[in-house]
Amino acid sequence: SLAAAAAAGGGSSAHYFYYYWTRPRPSHNRSLLILFLCLLGTLVLDHTHGAQTTRKKTAVFHPVILAQEASPLSPPHQLAHDTEAAWNAANDPERASEGLAALEKLAQLGSPDAQAALGKMYASGEQVEVDLEKGVSLLQDAASQGNAAAQRELAFLYETGRGVPVNKPMALIYYEFAARGGDLEAKTTLGYKYFVGDGVQQNCDKASHYYRTVAQSEAMSGIARLFAESPRLMQDEDASHEEDDVIQYWQYSADAGDASAQVTMGTLHLRGGFGVKQNPDLAHQYFEQAAAQGNLGGVTNLGLMYAKGYGVSQDNNTAVRYYRQAADKGYAHAQALLGHMYMQGYGVKVDVDEAVRLFTLSAEQRHTDGLLHLGNCHFYGAGLQQDYAKAVQCYMAATHGGDLVAQFNLAQMHRLGLALTRSCSAAVTLYKRVVERGRFAGMLNDAHTKYQAGDTLGALYLYEKAAEMGFELAQSNAAWFYDTHATSDQHEHESGSPSTWSSGQIKAFEYYRKAAEQQNPTAHLKMGDYYYYGVGTSVDHSKAAAFYRVASDMRSAQATFNLGYMHERGEGLPQDFHLAKRYYDLTVSYDPDAYVASLLALGALAIRYAYTAPAQARELVSQYILKEPRMADLPLSWDLLLILVLSNLLFLLITIRHLTLRRLRLQQQQQ
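Residues numbered from 1 in each chain as written. Predicted model: local features only at pLDDT ≥ 70, side-chain atom pairs only at ≥ 80, totals over all residues. Heavy atoms only, no water.

1. Section: the overall build of the protein chain
Quick reminder of the rule: Going along the chain from the N terminus, every DSSP run of H or I of four or more residues is numbered as a helix, and every run of E of two or more is numbered as a strand. When a residue's accessible area, from a 1.4 Å probe over protein chains only, is under 20% of the maximum for its type it is buried; when over 50% it is exposed; and in between it is partly exposed. Residue contacts are defined here by distance: any two heavy atoms, one from each residue, within 4.5 Å place the two residues in contact. Per-residue accessibility takes into account occlusion by the displayed protein chains alone, with areas from the Shrake-Rupley method and a 1.4 Å probe.
Of the regular secondary structure elements, the protein chain holds 34 helices and zero strands. Looking at the protein chain as a whole, 44% of its 671 residues are labelled buried. Of the contacts formed within the protein chain by residues at least 6 apart in sequence, a portion of 50% connects residues at least 24 apart. Summed over all atoms, the accessible surface of the protein chain reaches about 35300 Å², with 54% contributed by carbon and sulfur.

In structure tokens, the structure reads:
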């Protein structure tokens, strides 16, 4: 009985003793003596543990009693809890000062989470004035305690030279530590570095390891966010205004009773994105309004909200009822979702055959969810004969529709060589695409929001972070920031030392190089310009021509024009007037607005050709035309010179007419 009481009290050794005492055993006096001695030892060892266990149980069932004696959380957990509350307050405009003060106090108490949060804020200038020295100090304190977020931020600072000297090896060490601590940003950064060989030896297997972990987290995270693609600052600074106009149009149409617009606005509020914050309650209202008008999209999304418990109490039976209502009318999305309910037995009995039937009906309408689930059935042999090849076909079709899970599955099949050629690079490319469409895409939108608000330093901080993580768009925008800043500084300090702006151009060169490696045509064009003019690097016309050629293959009109110019003058390329003319003609076909520039270039090319082509013409022009001779001084071959001049004028007129007709045809095709 004593052993049973001790076991009920939670004593670990008493548990073992009670089991020994109650199991069948032979009756021996020696055994009884040993057991009696064990009981005495058990009671002594568990005396202190029993008191602690009683206290813990009281904390669980009677928290009011312990509230007068001690905190229900251990000191580290209490600090973490308080830090989270302070962080939430700091991000609330009405309680920001209160939250910052609480974070400062917690950081002084040694909370690594508070130190990491404050360090990041001081380093980036988020809600506080930038103080790199204080930010680095706080991050180092937190990193020394093993805080993965602080280690990742320190790695970024060492990578970019913010507040500390640039130290790539130290940055790599901190990234490795943060990744081992489970930080997804650090894993993404390392995946990119090993994939392209940025500061490390290229290693596709390591890239696959890091990217796969993050991609799986994104693919399995449930409902995807609808992040709009952040604008490219170098090309279209008014894109966000157009986006706002479109959302306002949808909002107006939804308020006017348009069911399709109501579904659109409901989806935006459900998932967030395009500048719209998540609001499940408002999403539910929009879907109900659309469903009341018989819109099947509204009906299906109501079912989705009940199935997932978004803004409503989770109810599979209600979800199935809505799904069936839309699926019976042939709505592809509802068919896929209802099929999933039958496959898993949510709200209905498991019926694999019915699930496959519904998936097939949805897939026949090319819906991504139906294609994904049908691909899973082929892959696992659920209700169908296992067929990896058919699974690949379904996944590829779903991938074209933007389904992240299908992309992740294809990446896995490439990595393992299932029905596809085993290819690490193809797998990593797909993993990378999944990661860049997940939660980190919001970083680009936050950066653009800061840029629009005039917080250029905060925007640049986020763009550079995303650039180090391998986001091509962030690399382009960060390069544009440094490029324009260096150019403006150059004009402001024309009489000063170039050192006031050259560091910015060097950074611009590096980010353009990274973006060019990811096949961005504008980055290739800028790299060509940098090599041509020697900005951020030494002059190298051959490398400039190579970058221009790649950009031209991507239909860049400016790069194509530059190739014609270099062929005309023989700079970095062999002098070839025929190729020069060809590139000038291509310029107009790529961009009709380049018509005037191309026309002037062709005229100059005709004059240059007339001057440099035949030796006799070159001699006559230099001897007589440039010296303004009298007619009596002309040689007997003056008629040849006249024919040459007239023929070139005729060639110029024909070229002008040809280009005019071509531009008219292009304009007609565009209309």
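2. Section: the state of the cysteines
Covalent bonding between the sulfur atoms of two cysteines defines a disulfide. Keep this limit in mind: Pairs of cysteine sulfur atoms within 2.5 Å are what we label disulfides.
The full count for this structure, using the stated rule, is one disulfide. A sulfur-sulfur distance of 2.1 Å marks the disulfide that ties C204 to C424. Disulfide C204-C424: torsion about the S-S bond near -110°, hence left-handed. Separated by 220 residues along the polypeptide, C204 in helix 12 (residues 204–219) and C424 in helix 23 (residues 424–436) bring together distant segments of the chain.

3. Considering the packing of helix 22 (residues 404–416) against helix 23
Helix-helix packing is described using two parameters, namely the angle between the two axes and the distance between the axes. The cut-off we apply is this: To obtain an axis, a line is fitted to C-alpha atoms, over the contacting stretch when the element is a helix, and the angle between two such axes runs from 0 to 180 degrees between their N-to-C directions. Angles are sorted into four bins: roughly parallel if under 35 degrees, roughly antiparallel if over 145, roughly perpendicular if 65 to 115, and oblique for all others. The crossing is said to be left-handed when, going from far helix to near helix, the turn is anticlockwise and less than a right angle, and right-handed when the turn is clockwise. Residue type decides the class: Asp, Glu, Lys and Arg count as charged, Ala, Val, Leu, Ile, Met, Phe, Trp, Tyr, Cys and Pro as nonpolar, and the leftover types, Gly among them, as polar.
Interaxial distance between helix 22 and helix 23 falls to 8 Å at its minimum, and their mutual angle equals 160°. With respect to helix 23, the element helix 22 is oriented roughly antiparallel. As for the relative orientation of helix 22 and helix 23, their crossing is left-handed in sense. Only A426, A427, L430, Y431, R433 and V434 of helix 23 make contact with helix 22, whose side of the interface consists of L404, Q407, F408, L410, A411, Q412, H414 and R415. The class makeup of the residues in the contact of helix 22 with helix 23 is nine nonpolar, three polar and two charged.

4. Considering the packing of aromatic side chains
How we decide: In this scheme Phe, Tyr and Trp rings, the latter by its six-membered ring, pair at centre separations within 6.5 Å, and the angle between planes marks the pair as stacked below 30 degrees, edge-to-face above 60, and tilted otherwise.
Applying the stated criterion across every chain yields a total of 18 aromatic pairs. When the centroid spacing of 4.9 Å and the interplanar angle of 75° are considered together, the rings of F379 and Y380 count as edge-to-face. Overall, the relative accessible area of 17% leaves F379 in the buried class. Note on Y512 and Y530: the rings are 5.8 Å apart at their centroids and 85° apart in plane angle, and the pair reads as edge-to-face. Placement of Y512 in helix 27 (residues 499–517) and of Y530 in helix 28 (residues 521–533) is noted, with a sequence separation of 18 residues between them.

5. Some remarks on unusual backbone geometry
One non-glycine residue, Q519, lies in the positive phi region at around 65°. Tracing the backbone shows Q519 in the loop between helix 27 and helix 28. For Q519, a relative accessible area of 46% translates into the label partly exposed. The backbone of R555 shows a phi angle near 70°, a positive value even though the residue is not glycine. Turning to its location among the elements, R555 is positioned in the loop between helix 29 (541–553) and helix 30 (557–569).

6. A short note on the side chain of H414
Counting through the fold element by element, H414 comes out in helix 22. Once residues within four sequence positions are removed from consideration, H414 is found in contact with L420, T421, R422, S423, A426, A427 and L430.

7. Some remarks on the pattern of salt bridges
The condition is simple: Between Lys or Arg on one side and Asp or Glu on the other, a salt bridge is scored when a side-chain nitrogen of the former is within 4 Å of a carboxyl oxygen of the latter.
Taken as a whole, this structure holds 22 salt bridges when the rule is applied. A salt bridge links D183 to R152, with the nearest nitrogen and oxygen atoms 3.0 Å apart. Separated by 31 residues along the polypeptide, D183 in the loop between helix 10 (168–180) and helix 11 (184–196) and R152 in helix 9 (residues 148–160) bring together distant segments of the chain. Residues D183 and R152 agree in their burial class; the two are buried. Among the salt bridges present, the one from R152 reaches E185, with a minimum N-O distance of 3.6 Å.

8. Things to note about the confidence of the model for the protein chain
Note the cut-off: Confidence scores labelled pLDDT are given residue by residue by the predictor and lie between 0 and 100.
Predicted confidence across the protein chain gives a mean pLDDT of 80, with 76% of residues reaching 70 or more. pLDDT under 50 marks residues 42–74. Its contacts with residues more than four places away, or in other chains, come to 18 contacts. Here residues 624–636 is modelled with pLDDT under 50, and outside its nearest four sequence neighbours on either side it reaches nine contacts, counting other chains as well.

9. As for the environment of A426
One can find A426 in helix 23. Along the chain, A426 and M413 lie 13 residues apart, while their C-alpha atoms are 10.0 Å from each other.

10. Points about the environment of G572
In this structure, G572 sits in the loop between helix 30 and helix 31 (577–590). Using a relative accessible area of 34% as the deciding quantity, one classes G572 as partly exposed. Expressed as a C-alpha distance, the spacing of G572 and A545, which sit 27 residues apart in the sequence, is 6.3 Å. Leaving out residues up to four positions away in the same chain, G572 has contacts with H541, S542, A545 and M566.

11. Observations regarding helix 15 (residues 280–292)
Using the following cut-off: Here the expected length of a helix is defined as 1.5 Å per residue gap, with one fewer gap than residues. Throughout, the arc means the angular range of directions from the helix axis out to the C-beta atoms.
For helix 15, built from 13 residues, the straight-helix expectation of 18 Å at 1.5 Å per residue is met to within 8% by its first-to-last C-alpha distance of 18 Å. Listed as buried for helix 15 are A283, H284, Y286, F287, A290 and A291. Relative to the axis of helix 15, the buried residues are bounded by an arc of 165° and lie together on one face. Count one or two residues on from helix 15 and you reach G294, which has phi positive near 85°.

12. As for a nonpolar patch on the surface
Heads up, the rule is: Only residues whose relative accessible area exceeds 30% and that form no salt bridge are eligible for patches; like-charged ones are grouped when within 9 Å, while nonpolar side chains (Val, Leu, Ile, Met, Phe, Trp, Tyr) are grouped when within 5 Å.
On the surface, V645, L646 and L649 cluster together to form a nonpolar patch covering roughly 250 Å² of accessible area. Examined against the element boundaries, L646 turns out to sit in helix 34 (residues 638–670). Classification of L646 as partly exposed rests on a relative accessible area of 48%.

13. Focus on helix 29
Test applied: Polar contacts, as counted here, are pairs of nitrogen or oxygen atoms within 3.5 Å of one another; within protein the pair requires one atom able to donate a hydrogen and one able to accept it, and residues that are adjacent in sequence qualify only if both atoms are side-chain atoms.
Under the 1.5 Å per step criterion, the end-to-end length of helix 29 is 18 Å for 13 residues, consistent within 8% with the ideal 18 Å. Looking only at helix 29, the buried set comprises A544, A545, F547, Y548, A551 and S552. Axial view of helix 29: buried residues confined to an arc of 165°, hence all on one face. Sitting at the amino-terminal end of helix 29 is D540, which places a side-chain oxygen 3.2 Å from the backbone nitrogen of S542.

14. Points about the environment of A150
Turning to its location among the elements, A150 is positioned in helix 9. Its relative accessible area of 0% is what places A150 among the buried residues. Setting aside its immediate chain neighbours within four residues, A150 contacts A116, L139, A142 and A143.

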